[in-house]
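Summary of the model geometry
Listed here are the chains, written in short residue letters.
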Amino acid sequence: MTVTPEREKALLDSLNTGVLIDGQWREASTGRTFDVVDPSTGKVLTSVQDAGTEDALAALDAADRAQADWARTAPRERAEILRRAFDLVNERAEDFALLMTLEMGKPLVESRGEVVYGAEFLRWFSEETVRHYGRYVTTPEGKNKILVQHRPVGPCLLITPWNFPLAMATRKIAPAIAAGCTMVVKPAKLTPLTTLLFAQVLEEAGLPAGVLNVVASSAASEISGPLLQDSRLRKMSFTGSTGVGRRLLKDAADNVLRTSMELGGNAPFLVFEDADLDAAVKGAVQAKMRNMGEACTAANRFLVHESVAEEFTRRFAERMAGLTPGRGTEDGVDVGPIIDADAREGIHELVTEAVAAGGEVVTGGEKVEGEGYFYRPTVLTVGNDNPILGQEIFGPVAPVTTFADEEEAVRLANDTEYGLAAYLFTQGFTRMFRVTERLEYGMIGFNAGVISNAAAPFGGVKQSGLGREGAAEGIEEYTSVQYIGIADPWAAPSAPAS
Ligand code: NAD
C-alpha cells in the first residue's frame, strides 16, 4: 500500500537529529544544520545537526573514556545488547525501511530486504561475541607455551556511504561492539537519518553511554582530519569510493592506524556458452539492478560468449525495459531514483561517451523527465575497448560485450584496478573452479546474482580494499592479537603447595 504523507511526516518528526556524544543528543558546536533530500522529489525531508571538529573531538573524548570499562564487559553482556538491537530493528522494520526509501530512494521492497540483511549482522555478531577464541599451544621445541588472546583494538572511526544506510552501519558497528571497541560513527551526508534511528535503537538496547557516538556532518574532512591525527584513535573502518579511501589511507599512515577499507568495484558478469540462460538473465537483472545499480558489488561489465550474446542481450534488455521507475513508497515501483542530480548527470555522461565510442543503446539511455533524479534502466552493446568498461557506473546501466574463449574472458575480467565481486554463469563445475582460481576478486557469485550475506566474508582485493566484513573474519578487524610467551612450567623450581 502506498505510504501516506502523514505517515512519512510522523516518522521524520520522531527522529532525533542531533549529534550523539557520551549518551547525550546535542546541538552541533558549529551552529550549522544541513538538509536531507528525498531523491525521488528533490524536496527537503528534514535537517540534521552539522557536526564539526569540536564535536568530533568531544566524541573521541567520550569513546576514549568509555573504552577501558567497555573492553572489560562480559562477552555475554555485549552479545545480549546486540541481540536486543536485532529484535528492536525487526520490531521497527517498517520504520527503518520507510526511512531508507525516503532518504536514499530505493523501493520499499528493497529497503525491507536491507532491513533483513542489515539486522542479520547484529544477530550474527551477537553469536560471534561469545565464541571468539584464542589459543594455547606448546612451542615446537616442546618446553615453553604460547598463549594468544584477542584484545579490542580501541576507539574506532567508522565512516559509511549513502547506498546501504542500515547495512553499512551494522556491518561495522556490530563487530566493533562484539569485540569491545568504542566508536565515533560518521554517516554519509546524503543519508544520515537511518544511522540516527539505529543509534536510538542501540540506546534502547542498553548500549552504555560513550560506546557509540554519532557525528553527522556536511564537511567530512572536519571530522576525519583531526581524528586521524589523534593518537587516541586506534582504527578507521571506511566504506566508500576508492578515491576518498586512498586519501584517508594516506592520512591514516601518520599514526600507523589499523584500517579496514571497503572501496569501489567494477564487477564483471561472465556468461559462458554453456550457461543456463534463464538463470543468467535473472542473475543479470539482480546483479545490475539491486539498489538501482548503486552497489559496490553491482555487475558493471557483462562479458558474454559470442555464441549466446545476441540471445542473452535481447532477453536481458526485455527484462530491463519492463522495470517501472518511480517513487519507492508507491506500489508497483521496481526502480528508484539516482541519489542526486550530479550522480545522474555522471551516469548519463558515461552513456553518452560510450555511444560516441561506438556503443549502441538497446534499451533506455536517457533520464526520466519530471521531478526526482530517475534514469531509465539501460542496456548497451559495446566493443571490449569501450571506455565505459573502465568506470564504476554506479547506476542502472549495463554494457554488454563479447569474448571468444575462456582465456579472453579471464583477461577481460581481470583488466581493472578493482577486485571486489565477479559473477560467473556456467554449468561446468570444472570450468567454475578453473576460472575462479584465475579471477582476481575477493567475492565470486557462481550462477548467483546476489552474494551478500552476514555469514560470508565481504571484501575485495587490489584497489577494492583491505580487510573483510561479516563472517568470522569480521570481528578480527576490531581486535589486536596479543601473545604471551610462558616459560617452561616444568623447568621452574617447584612452588610449595598452597
Ligand atoms: P564516498 O567515498 O564519496 O563517501 C563515503 C563516505 O566517506 C561518506 O560518509 C562521505 O561523507 C565520506 N567522505 C567523503 N570525503 C571524505 C573525506 N575527505 N574525509 C573523510 N570522509 C569523507 O562514497 P559514496 O559516494 O558515499 O559511496 C559510493 C562508493 O562507495 C562507491 O565507490 C562504492 O563502490 C563504494 N562502496 C563500497 C562498498 C564495499 O563494501 N566495498 C560498499 C558500498 C559502497
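What you see is a predicted model; the values in this text were computed from it and never measured.

Thoughts on unusual backbone geometry
Phi at K462 is positive, roughly 50 degrees, even though this residue is not glycine. Within the secondary structure, K462 is located in the loop between β18 (443–446) and β19 (465–466). Positive phi outside glycine occurs at A471, with the angle close to 60 degrees. Looking at where A471 falls in the secondary structure, it is placed in helix α15 (residues 471–476).

A look at the site of the ligand
Neighbouring the ligand are 27 residues, the closest being T160, W162, S241, L263 and E392. Separating an oxygen atom of the ligand from a side-chain N or O atom of R171 is a distance of 2.8 Å. The contact in question runs from an oxygen atom of the ligand to an N or O atom on the side chain of E262, over 3.5 Å. Here the ligand loses 86% of its free accessible area of 850 Å² to cover by the protein chains. When atoms are counted within 2 Å of each cavity's grid points, the one that captures over half of the ligand is the largest pocket. Those elements giving two or more residues to the shell around the ligand turn out to be α6 (167–179), α8 (220–228), β10 (235–239) and α9 (242–253). No fewer than three residues from each of domain 1 (5–263 + 464–483) and domain 2 (267–446) sit in the shell around the ligand.

Concerning the domain arrangement of the protein chain
Where the parts come together, the accessible area they lose is often given as the size of the interface. As far as domains go, the protein chain holds domain 1 (5–263 + 464–483) and domain 2 (267–446). The C-alpha centroid of domain 2 is placed 31 Å from the C-alpha centroid of domain 1. Across the boundary between the two partners, domain 1 contributes 28 residues, which contact 27 residues of domain 2. For the pair domain 1 and domain 2, the two sides together bury roughly 2,200 Å², of which 57% comes from carbon and sulfur. Scanning the region where domain 1 abuts domain 2 turns up three salt bridges.

What to know about the pairing of strand β12 (residues 267–271)
When you tally the buried positions in β12, you get five out of five residues, the bulk of the element. Pairing of β12 with strand β13 (residues 299–305), which is carried by five bridges, proceeds in the parallel orientation. If you follow P268 over to β13, its bridge partner there is R301. For the handedness criterion, the β-α-β arrangement of β12, helix α10 (residues 277–289) and β13 is classed as right-handed. Note that β12 and strand β17 (residues 421–425) share three bridges and pair parallel. Within β17, the residue paired with L270 across the bridge is L424.

How each quantity is defined
- Residues numbered from 1 in each chain as written.
- Predicted model: local features only at pLDDT ≥ 70, side-chain atom pairs only at ≥ 80, totals over all residues.
- Heavy atoms only, no water.
- Helix = DSSP H or I, 4+ residues; strand = E, 2+ residues; numbered from the N terminus.
- Near = heavy atom within 4 Å.
- Polar contact = N/O pair within 3.5 Å; in protein donor to acceptor, adjacent residues only side chain to side chain.
- Areas by Shrake-Rupley, 256 points an atom, 1.4 Å probe, with all protein chains shown as cover.
- 1 Å grid on protein atoms, 1.4 Å probe; cavity = no way out; pocket = protein on both sides within 12 Å on 5 of 7 lines; lining within 4 Å.
- Sits in = over half its atoms within 2 Å of the grid points.
- Domains from an automatic or database assignment.
- Contact = heavy atoms within 4.5 Å.
- Buried area = accessible area lost by both parts, 1.4 Å probe.
- Salt bridge = Lys/Arg side-chain N within 4 Å of Asp/Glu carboxyl O.
- Buried < 20%, exposed > 50% of the residue type's maximum accessible area, 1.4 Å probe, protein only.
- Pairing = 2+ DSSP bridges.
- Right-handed = clockwise from strand over helix to strand, strands pointing away.

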